[in-house]
Amino acid sequence: MKTIFLIIFLAFIMQVKAQQAKLAPTGVPFGNVMPGPNSVSGVLMGQTENSYNAYLPAIKQYDIYKDASGKGNFKKIITVTFPSSYAGFAQRVGEATATEVKNLLSAKTDDEAYQLLRAGDPKKIGFAFLSKSFLSGIGMAWEDKEIKDNTAETVYRVMKIYNDGKEEVLFTQKTADIARIPMPKYQLQNLSTTDSLVQASWMSKTLNSPVYYAKVYRKANNEQKYQSINTSFVFSSGDTSKTSFSERVNPGNLFNYFIIPEDFAGNQGLPSDTAFAISKSFSSVKGITDFKAKDSLKGAWLSWRALPNEGVYTGIQILKSRKNNNAFIEVATISPTDSVYYDKAVLPNVIYYYQIRPLIIQPKGWKLLPSATTNVAIKNKGDIPFAPQGLKVYQDSTAQVKLIWELNPEIDQFAYYVLRGTNKNNMQIVSPALRSNRYTDSLKNLDGESTYLYTVKLMNLSQKMSDESNIAMIKPLKLVFVQYPSGISARFAESIVKLQWENMIEKYDDIVGYRIYRKAKGDKTFTLLNKQALNLPFYNDTTARPGADYEYGVTSVNGSDVQSVLSPLTQLTVPTSASLAPPANLYLTNKAEGVFISWPQGDDSKVINVIYRKALTDVGFKKITEVNQYTFYTDSTAQKGILYTYHIVAKTRNGESKPGIEKSIRRN
C-alpha cells in the first residue's frame, strides 16, 4: 500500500512540474527563424565577421518559402532585398529613423551614408543593429504574419538568389526543432529620482537569455491604468542581463514602473517587480504650518495651512495626548488635501496636546516629516448630552421588538435608557443601564392591540440626562410563547464577557433557572455553557477567546426541566488586547556593542516584541526594531552619554498590547 501511494504521489509531483514548465514563459534565441505569438520572424546573418550585410555584390535577393503542413509543399511568401539607395532605405524605415542613422554614421550626404550601409561595419553602425526596424530596412529581417495555418510540422526555407538567376538553399528550419529558452524574471537594480528626472535599471542573473527588448510600463498617481511608454534594449554580458530607462517628469508626482521582457519575435516573459519613484527631493517637501486649535461646539477645532497638491503626500496623521511630551495616540488619518479637523472625543476642562504631520510615500532614503504641535482646553458650559439620533424599532424574524440608534459622539457617557409608553404622557424607563446602542424589549409586557411609543435618553458621567430622542412607534405582532428571558445584554469587562437579562424567576412561579447558549461566528449550532441551570439573571463567560465574534442567548427552565425557546440574541466581539500582554520585566545592560536589552520568555511563540526607545530630549517613544523568537536585542545605535528609556509592546497579527514596563539607562 505504501509503495502504491508513493508511486501516485511521485506521478502527481511530476505532473505538477510538467504543468509549471508548460506555463513558464519562454522565448527563442536570436537567429534564422523565431516563432512568436503573432508571427514568425527571421534574420539573415552577415557574410563576414567584419560586416553585418548579408548581401554580397553577386547576391540579388533572398526568397523565403514556407511548408505549412510539413509535407514538402513549399510556397514563396516573402522576398527581401537590400535597398537600392539611401532614399529607398528612408522610404522603408521613415525619414526620422533614416536621419538618425545618417547622423550615427557621421555621413554628410545620402550617397556616403548608403556606402557605409553597404560596407556594414558593426563598429560604425553601433546599436542601430539592435533595431528590428533597421534590420528590416536593410533587408536582413523578415516577418511572416500569416501563421494561422502553421503547425508543429511547419518548415521554413530561405533561398539565396544571385544576380545571374542561380538559386542556393541558405537553410531549412522546422519550427518544432527550435529550442525554447525560459525567460528570466527581472528585479529592480537601481532607482534614482530628482525633481524632474527618473532613472531605473532592472537586471537578472541568467545564461543565454533570449530577451531582446524590455517594454516599460508606467502609472502616475493620478492615473487608473498602466501605459506602455518605452521599449528599451536588453544587454547581456556573461551571466547578467540588464536594461535601463530614464525619462523627464513633472515634479511632485508619484510614479510606478515595471518592465515586461520580450524576445525578437514578440514572446513575452513575466513582469518585473515594480519601482516606486517620487519626483521630489526630500529637502523640498513641505510640512504642516500655521497649526491652530480652538474650543468649538464641545470639541476641538483644528486648522492648518493646506499642503501643496502633490502626489508625494498620502495623508495627514493627527495625534493627541493629555501630556505635552509623550503618550500621543493616533486619532485620525485624513486626506492630504484637508486643512481642518473636528475632534469631538474630548472631556471638558482638560488640556489636550495635538501633533499633526503629513504622511508621504517613503522609498529608500526618505523618513517621517517633523510634527507641528498645539494645545487646547474645552470649557465645560454645563450642557446636557446630545439627544440620541436615528432611533428605529422593528420586529425581526424571531418576532421580537428590537431597538437600535446611533451612538452619541460624547466620550463622558454613563448609559443609555429606553423609555416606552402608549402615548407621550406615560413614557417610562423600561431598560437597565445600557452600554450599547441596541435593546430587545420583552413581548411579555406588550399586547398585539396597542401601538407603543419608544424613545431613548443618554446620561453622562455627571448624571445629566439628555433630551429624548425621536419617537419610534410599533404595533407588535405578538405570538404565544413560553415565557423566556428578554432584554439580554453583553459587555466585556475585567477580561470576561458579562451577560445580564430580565429576571424571569421573580415574575413567574414556575421558572426555576436559566441556561446560557453561545455560538461563534461561522458555527452552525449553539453550545451550552452551563450544565446546571442558573437561578440568577446574570452569567460570566470566562471561556471566550480574544478576537472572536459571539452570539449569546438564554432560555428559561421550569420545575420540570422544560426549556423555553431561545431568547433574543446579543452579539459581542471580544477584544484581542484582553489576552495580549507585554513581557513581565525588562533588563538593560551597557556593553561594548551597545545597550543590551533582554526580557523573560513569553508563552506564545507567535508574539512579536516591538522595542521602543526615547531619549531624554525626545518628544515621544520611537520604534527601533521588532524581535521574533528571541528574548534579547543589542541597540547599537545608542549614543554615549545619553539617558535612554525603553519599553516593549507585544504584537500579533490581531493587534498590539499596551506598553510594558519602562526602564532607563545612560549609555557609557
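A short tour of the structure in this document, coming up. (Residues numbered from 1 in each chain as written. Predicted model: local features only at pLDDT ≥ 70, side-chain atom pairs only at ≥ 80, totals over all residues. Heavy atoms only, no water.)

**A few points about the environment of Glu 223**
Here comes step 1: Turning to its location among the elements, Glu 223 is positioned in the loop between strand 12 (213-220) and strand 13 (227-233).
Here comes step 2: Given a relative accessible area of 25%, Glu 223 falls into the partly exposed group.
Here comes step 3: The sequence separation of Glu 223 and Phe 255 amounts to 32 residues, and the corresponding C-alpha distance is 9.6 Å.
Here comes step 4: In this structure the side chain of Glu 223 is engaged in a polar contact, spanning 3.0 Å, whose partner is the backbone nitrogen of Ala 220. (Helix = DSSP H or I, 4+ residues; strand = E, 2+ residues; numbered from the N terminus. Buried < 20%, exposed > 50% of the residue type's maximum accessible area, 1.4 Å probe, protein only. Polar contact = N/O pair within 3.5 Å; in protein donor to acceptor, adjacent residues only side chain to side chain.)

**Brief notes about the sheet that holds strand 25 (residues 392-395)**
Here comes step 1: An order of 25-26-29 is seen for the 3 strands of this open sheet, with the pairing classed as antiparallel. Strands with a single pairing partner mark the edges of an open sheet, and in this sheet they are strand 25 and strand 29 (438-441). In this sheet, adjacent strand axes meet at a mean angle of 20° when their direction is disregarded.
Here comes step 2: Pairing of strand 25 with strand 26 (residues 401-404), which is carried by 4 bridges, proceeds in the antiparallel orientation. Within strand 26, the residue paired with Val 393 across the bridge is Leu 403. (Pairing = 2+ DSSP bridges. Axes fitted to C-alpha atoms, helices over the stretch in contact; angles between N-to-C directions.)

**So, unusual backbone geometry**
Here comes step 1: In this structure, Asp 290 takes a positive phi of about 55° despite not being glycine.
Here comes step 2: On the basis of relative accessibility, which here comes to 40%, the residue Asp 290 falls in the partly exposed class.
Here comes step 3: In the Ramachandran plot, Ala 327 falls in the positive-phi region, its phi being about 60° despite a non-glycine side chain.
Here comes step 4: Among the secondary structure elements, Ala 327 is positioned in the loop between strand 20 (313-321) and strand 21 (329-334).

**Observations concerning helix 3 (residues 95-104)**
Here comes step 1: Of the positions making up helix 3, those classed as buried are Ala 98, Val 101 and Lys 102. Axial view of helix 3: buried residues confined to an arc of 100°, hence all on one face. Along helix 3, exposed side chains directed more than 90 degrees from the buried face belong to Ala 96, Glu 100 and Asn 103.
Here comes step 2: Buried-residue contacts for helix 3 involve helix 2 (86-93), helix 4 (110-119), helix 5 (122-125) and helix 6 (132-137).
Here comes step 3: Within two residues after helix 3, Ser 106 carries a phi angle of roughly 55°, on the positive side. (Arc of directions from axis to C-beta. Contact = heavy atoms within 4.5 Å.)

**A short note on the nonpolar core**
Most often, soluble globular proteins keep nonpolar side chains buried together rather than apart.
Here comes step 1: Among the nonpolar cores identified, the biggest contains 45 residues, and Phe 89, Leu 117, Phe 134 and Trp 142 are the most heavily contacted of them.
Here comes step 2: Among the nonpolar cores identified, the runner-up in size contains 25 residues, and Phe 291, Val 312, Ile 360 and Ala 372 belong to it. (Core = buried A, V, L, I, M, F, W, Y, C linked by side-chain atoms within 4.5 Å.)

**Some thoughts on helix 2**
Here comes step 1: Turning to helix 2, its buried residues are Tyr 86, Gly 88, Phe 89, Ala 90 and Val 93.
Here comes step 2: Where the residues of helix 2 are buried, they touch helix 3, helix 4 and helix 6.
Here comes step 3: Taken from the residues just after helix 2, Gly 94 is the one with a positive phi, measuring 100°.

That is the geometry; function is a separate question.
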